[in-house]
Amino acid sequence: MTKLTIDGIEVEVPNGTSVLQACEQAGIEVPRFCYHERLSVAGNCRMCLVEVEKAPKPVASCAFPVAEGMVVKTDTPAVRAARRGVMEFLLINHPLDCPICDQGGECDLQDQAFSYGRDGSRFAEAKRAVKDKNLGPLVKTVMTRCIQCTRCVRFSAEIAGLSELGATERGESMEIGTYVEKALSSELSGNLVDICPVGALTNKPYAFVARPWELDRVDGIDVLDATGTNISICSRGGDVLRILPRVNEDVNEEWLADKGRYSVDGLKRRRLDHAWIKREGKLVKAGWQEALVHVAEKIEGVPGDRIGGVVGDLVDAESMLALRDLLVSLGSGNLDCRQDGAAIDASRRDFYTFNTSIAGIDEADAILLIGTNPRREAPVLNARIRKRQLAGGLAVGYIGEAANLTYPVRALGTGLPGLKQLLAGGAFAEVLKKAKKPMIVLGASALVGFDGAALLAAAWKLAADVGALRPDWHGFNLLHQAAGRVGALDLGFVPQAGGKDLVGMLDGGVDVLWLLGADEFDTARIGANTFVIYQGHHGDAGAARADVILPGAAYTEKTGTYVNTEGRVQRSYAAARPPGEAREDWKILRAFSAVAGKPLPYDDLPALQARLEQANPVFAHLGVLPRFGCSDLTGPAGDANALSDAAFADPMPNYYQTDVISRASPTMAECTATYVTPISVAAE
Amino acid sequence: MADVMSKSGTEPAEFVFDAESEALIAVILAKYPAERKASGTLPLLDVAQRQMARLTGSAWVPRVAMDVIAARLDVAAIRVYEVATFYFMYNTKPVGTYHLQICTTTPCWLRGSDEVVAACKKHTGIKHFGETSEDGMFTMTEVECLGACVNAPILQINDDFYEDVDGASTESLLAALRRGEKPKAGSVIGRQTSAPEGGPNTLLDTPSFQAGE
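Residues numbered from 1 in each chain as written. Chains lettered and ligands numbered in written order. Predicted model: local features only at pLDDT ≥ 70, side-chain atom pairs only at ≥ 80, totals over all residues. Heavy atoms only, no water.

Participant: Explain the overall build of chain B to me, please; I cannot follow it from the model alone.
Facilitator: For chain B, the helix and strand inventory stands at eight helices and five strands. Along chain B, from the amino end to the carboxyl end, the secondary structure elements read α-α-α-α-α-β-α-α-β-β-β-α-β. In terms of principal-axis extent, the alpha carbons of chain B reach across some 60 × 45 × 30 Å. Counting only residues that meet the buried cut, chain B has 39% of its 213 residues in that class. Considering only contacts in chain B between residues 6 or more positions apart, those separated by 24 or more positions represent 62%. Total accessible area on chain B is roughly 11,500 Å²; 56% of this is exposed by carbon and sulfur atoms. Separation of charge centres in chain B, based on 19 positive and 28 negative side chains, amounts to 3 Å. (Helix = DSSP H or I, 4+ residues; strand = E, 2+ residues; numbered from the N terminus. Buried < 20%, exposed > 50% of the residue type's maximum accessible area, 1.4 Å probe, protein only. Contact = heavy atoms within 4.5 Å. Areas by Shrake-Rupley, 256 points an atom, 1.4 Å probe, with all protein chains shown as cover. Lys, Arg positive; Asp, Glu negative; His and termini not counted. Charge placed at Lys NZ, Arg CZ, Asp CG, Glu CD.)

Following this line, the structure appears as structure tokens:
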């Protein structure tokens, strides 16, 4: 530890801390542009100049390490003059276009010019202009505004792991760009907009839409992947306009994947805003009372075992519990949440969660990825693995179709034979055994199909064999794609004793099928005589097959609880009202239960949330994730020795369109056209 | 930059190091530890530029060559683009067979670099810096100090310095190049390196320095 004095305040900081970090610890704000706490130090903007006693001139505090007994002054006439000088130089080539700049109101340069800027310019010469770059459909550039802090260059090289941006030319001609025009291929490119301190990189679809001071911000949870990224939902007058990440060190740090950020425009398209009833083969608009009575009439007299319910990927726990309670009260045990048919064993919680936790990745020293492409399935989690990898001493093994995960991996085959070899021993099995904290990450989508149960058991067995399952460390992880999946499993939304699973409910297995946001299975396989109720927010596969459509709320329009892939319970709050006649899903189910004569025992959200805690005590712990070791090595059902020689399929061929919201989003469609289609065409 | 290249249509479809370059690369890369081979970026760019001069008569580094270097050194392509565009000595656009690099920094300018520029323009028909003559023989570039101010003004043609030039000597130099000759590099007025013009003028009383010895 080092002791130093900053503006008369004595602070003690760890050795190697920079003066800027020490100032923050002392509660003193130092202006900066290029310094970012999660990126390497560049020290090129010079805005963070401070005075250090005995130093002959001001020093850049972000790149200056503390020393014992150092005396730092951050607010002297000399410091202020130095910062004013720096600011004047930064503004020499910066255009005076704040009124038409999207960064206006949340711009570091604007804010700091308020404190350190001159009232007029002394620069009479011509300002330089830089050609804008086309970085693809997500990030808009106005390169003349760039102050060359190189945060974006460092972000793409260090966090995103795809060095695509750089500073070409030099001096007055220096430009940030890709040199060869190309769209950024990272799934985290939206974060460039956040880290850019000026308006050089802005949100392309959001251009000229709103000003930050007009927006209401509501805390939410991203549901477009299973990471459970904390987000801030920004809306104006009930219109959700953009989504920003919120800091949560244990989950997403401060990043947000592109799908979560940019599919926001999908929330306004293809929405179900009215109840519909199919009469003589055609869907006809209906009122709520009419629709609910119609459903009640259809259900009346149908035996419980001929009624089934399937929940989708984006559904909150409250709605799933309401549907479960409703179906159980109707005598049905035909429940399923695994639309893809993945052989998830719901009998024990650690069989289906990411037990190491996302923050736990920082501690791991060996990771084996099986049948998963975390770069697409959970980009933010992948960035965490990359961060761990950059820190050194991490070995990553990968079984699956070759892919660039943004960090080096040891390829161990493309399919199940690779896993069989590891179970029999081999070089990487030794690496895992020698590791102090090994992790096995299994993609939930790899459990689909014939080998699913065997794969789950085999992965568990491997984890047990290499010592990843210990009372002090749980190294078995299932990586989900669907935000609602772990919550559904926690609520036991799986076939009850004697109940049918999804496959059993298809092809006429039930007479009444209630789809709660379930669109990700082949709806053509639903029996022709099955009466289908689709409750959800987008007109997609489920609604197309429905006999009755009950319009529900999307995740930004309801207060709901989501459980991420780790098993972390988080609550998202409503930022807007559902469109038209649409209502929050649990209210629809509650209203229907009354019409059907079996009223659910909760009339408001707190009562339902209390019921949630009663259904599974894990819902009592919001936000926190207790980490458990593993003392019971008994594996999931399935024969670990029954593995075939099948290869893994690509777990997510198109990152940009995976659910009803992203499929409705024009931005995501453009991304698909830019990133996915050309590659698949080239492959043919 | 990318636009300039694609418009000029000169970007070759591919670039492969030839045997002569490969021999140089083997020597260069042997200097660096394997995990630090990115240090070879600068010399490899030079090798590529010289190979282009040897094979096409134009010393420049096409983008495909930068990609080849990036792949060879296991670095992202943009890292090589950054280096290649940072240094003035790498030409990212084709240049003429003779690259006339005229220093116009203060000492050369005081000693008459304007005359040299005018002579180059007159002889080659080039109107502005950065342009190539119509016959493709000459490209004229304005450069900053070449570090040979004692012999100002300097005209660097490809790798060679021609020193103490003026308008007339520049024109005769270019005429010689056009004839296919290779004029001797160094001072065009016959100075021995940067020794005083017209012979020694100090230490004349020291016997060993006297003329003729």
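Participant: How should I be thinking about empty space enclosed by the protein in this particular structure?
Facilitator: Rolled over the atoms, a probe sized like a water molecule indicates the empty space that remains. All names here are of chain A. A full pass over the atoms with the stated rule returns seven cavities of 30 Å³ or more. Volume-wise, the largest cavity comes out at about 100 Å³. Taken together, 14 residues form the lining of the largest cavity, with Cys 146, Cys 149, Cys 152, Cys 196 and Ala 200 sitting closest to its centre. Across the lining of the largest cavity, the residue classes tally to eleven nonpolar, two polar and one charged. Along its surface, the second largest cavity is lined by Leu 314, Val 315, Leu 516, Gly 517, Gln 535, Gly 536, His 537, Ala 553, Lys 558, Asp 585 and Val 660. Residues that form the lining of the second largest cavity fall into these classes: five nonpolar, four polar and two charged. (1 Å grid on protein atoms, 1.4 Å probe; cavity = no way out; pocket = protein on both sides within 12 Å on 5 of 7 lines; lining within 4 Å. Points joined across faces, edges and corners; volume = space filled by probe spheres on them. Nonpolar A, V, L, I, M, F, W, Y, C, P; charged D, E, K, R; others polar.)

Participant: What is the right way to look at the interface of chain A and chain B in this model?
Facilitator: For an interface, size is often stated in terms of accessible area lost upon the parts coming together. Across the contact, 16 residues belong to chain A and 15 residues belong to chain B. Taken over both partners, the interface formed by chain A and chain B buries close to 1,300 Å², and the fraction arising from carbon and sulfur atoms is 56%. Contact with chain B buries surface across chain A, with Glu 169, Arg 170 and Tyr 179 of chain A losing the most and accounting together for 53% of the total. Counting across the interface, chain A meets chain B through five residue pairs in polar contact (both at pLDDT 80 or more). Going through the elements one at a time, helix H4 (151-159) and strand E7 (166-168) of chain A are the ones with two or more residues in the side of chain A that touches chain B. Of all the elements, E7 of chain A adds the most residues to the side of chain A that touches chain B, at three residues. Residue classes in the side of chain A that touches chain B are distributed as six nonpolar, five polar and five charged. (Buried area = accessible area lost by both parts, 1.4 Å probe. Polar contact = N/O pair within 3.5 Å; in protein donor to acceptor, adjacent residues only side chain to side chain.)

Participant: Is there a simple way to think about the sheet that holds strand E1 (residues 98-103) of chain B in this case?
Facilitator: In sheet architecture, strand pairing relies on hydrogen bonds along the backbone and comes in two forms, parallel and antiparallel. All names here are of chain B. Across the sheet, which stays open at both edges, the five strands sit in the order E2-E1-E3-E4-E5 with mixed pairing between neighbours. Edge strands, defined here as strands with exactly one partner in the open sheet, are strand E2 (138-143) and strand E5 (186-187). The pairing of strand E4 (residues 160-163) with E5 spans two bridges and is classified as parallel. Across the sheet, the residue bridging to Glu 163 is Ser 187, located in E5. Strand contacts of helix H7 (residues 113-124): E1, E2 and strand E3 (155-157), with the helix running at about 155° to E1, the strand carrying the most contacts. (Pairing = 2+ DSSP bridges. Axes fitted to C-alpha atoms, helices over the stretch in contact; angles between N-to-C directions.)

Participant: Help me out: how do you make sense of the packing of aromatic side chains in this one?
Facilitator: Here a ring pair, both rings aromatic, is described through the centre-centre distance and the interplanar angle of the planes. With the rule as written, the count across this model stands at eleven aromatic pairs over all chains. Judged by centre distance (5.0 Å) and plane angle (80°), the ring pair of Tyr 655 of chain A and Tyr 656 of chain A falls under edge-to-face. Across this residue pair, the class does not change: Tyr 655 of chain A and Tyr 656 of chain A are buried. One aromatic cluster in this structure is built from Phe 351, Trp 460 and Phe 476 of chain A. In this structure, Arg 170 of chain A packs its charged tip against the face of Phe 86 of chain B, placed 4.9 Å from the ring centre. (Phe/Tyr/Trp six-rings, centres within 6.5 Å; stacked < 30°, edge-to-face > 60°. Lys NZ or Arg CZ within 6 Å of the ring centre and 35° of its normal.)

Participant: Honestly, the state of the cysteines in this entry has me stumped. Any pointers?
Facilitator: Every disulfide links exactly two cysteines, by a covalent bond between their sulfur atoms. All names here are of chain A. Per the stated rule, a full pass over the model turns up zero disulfides over all chains. The thiol of Cys 98 is not disulfide-bonded; the next cysteine sulfur, from Cys 101, is found 6.4 Å away. On the basis of relative accessibility, which here comes to 30%, the residue Cys 98 falls in the partly exposed class. With no disulfide of its own, Cys 671 lies 19 Å from the sulfur of Cys 152, the closest cysteine sulfur. (Disulfide = S-S within 2.5 Å.)

Participant: Is there a simple way to explain the pattern of salt bridges in this structure?
Facilitator: Where charged atoms from two side chains of opposite charge approach closely, those side chains can pair. In total, this model carries 59 salt bridges over all chains according to the counting rule given. For the salt bridge of Arg 191 of chain B with Asp 164 of chain B, the shortest nitrogen-to-oxygen distance reads 2.7 Å. Residue Arg 191 of chain B is found in the segment after E5, and its partner Asp 164 of chain B is found in the loop between E4 and helix H8 (167-178); the two are separated by 27 residues along the sequence. Given the relative accessible area of 13%, Arg 191 of chain B is considered buried. The network of salt bridges with shared partners includes Glu 37, Arg 38, Glu 249, Glu 253, Glu 254, Asp 362, Arg 384 and Lys 387 of chain A. (Salt bridge = Lys/Arg side-chain N within 4 Å of Asp/Glu carboxyl O.)

Participant: Would you mind going over the sheet that holds strand E2 (residues 9-13) of chain A with me for this structure?
Facilitator: Residues and elements named next belong to chain A. Taken in spatial order, the five strands of this open sheet run E2-E1-E5-E3-E4, and their pairing is mixed. A strand with exactly one partner marks an edge of an open sheet, and here the two such strands are E2 and strand E4 (59-60). Relative to E2, strand E1 (residues 2-6) runs antiparallel, the two being bridged by five bridges. Each residue of the ladder has a partner; that of Leu 4, found in E2, is Val 11. Most of the contacts of helix H2 (residues 77-92) go to strand E3 (residues 49-52), to which it runs at about 155°, and overall it touches E3 and strand E5 (70-73).

Participant: Could you clarify how one ought to interpret the environment of Leu 44 of chain B in this entry?
Facilitator: Residue and element names in this part refer to chain B. Assignment of secondary structure puts Leu 44 in helix H3 (residues 41-56). For Leu 44, a relative accessible area of 0% puts it in the buried group. Here the alpha-carbon distance between Leu 44 and Ala 70, two residues 26 residues apart in the chain, equals 9.8 Å. Filtering out sequence-adjacent residues up to four positions away, Leu 44 remains in contact with Phe 17, Ile 25, Ile 28, Leu 29, Ile 69, Arg 72 and Leu 73.

Participant: Mind showing me how you'd approach the packing of helix H11 (residues 416-424) of chain A against helix H13 (residues 452-465) of chain A here?
Facilitator: Any two packed helices are characterised by the angle at which their axes cross and by the distance between the axes. All names here are of chain A. Where H11 contacts H13, the axes come no closer than 10 Å and their chain directions differ by 30°. The orientation of H11 with respect to H13, classified from their angle, is roughly parallel. Of the two elements, H11 crosses H13, and the hand of that crossing is left-handed. Taken together, the residues of H13 that come into contact with H11 (itself represented by Leu 416, Leu 419, Leu 422 and Leu 423) are Leu 455, Ala 458, Ala 459, Lys 461, Leu 462 and Asp 465. Taken together, the residues of the contact of H11 with H13 break down into eight nonpolar, no polar and two charged. (Parallel < 35°, antiparallel > 145°, perpendicular 65-115°, else oblique. Left-handed = near helix turned anticlockwise from the far one by under 90°.)

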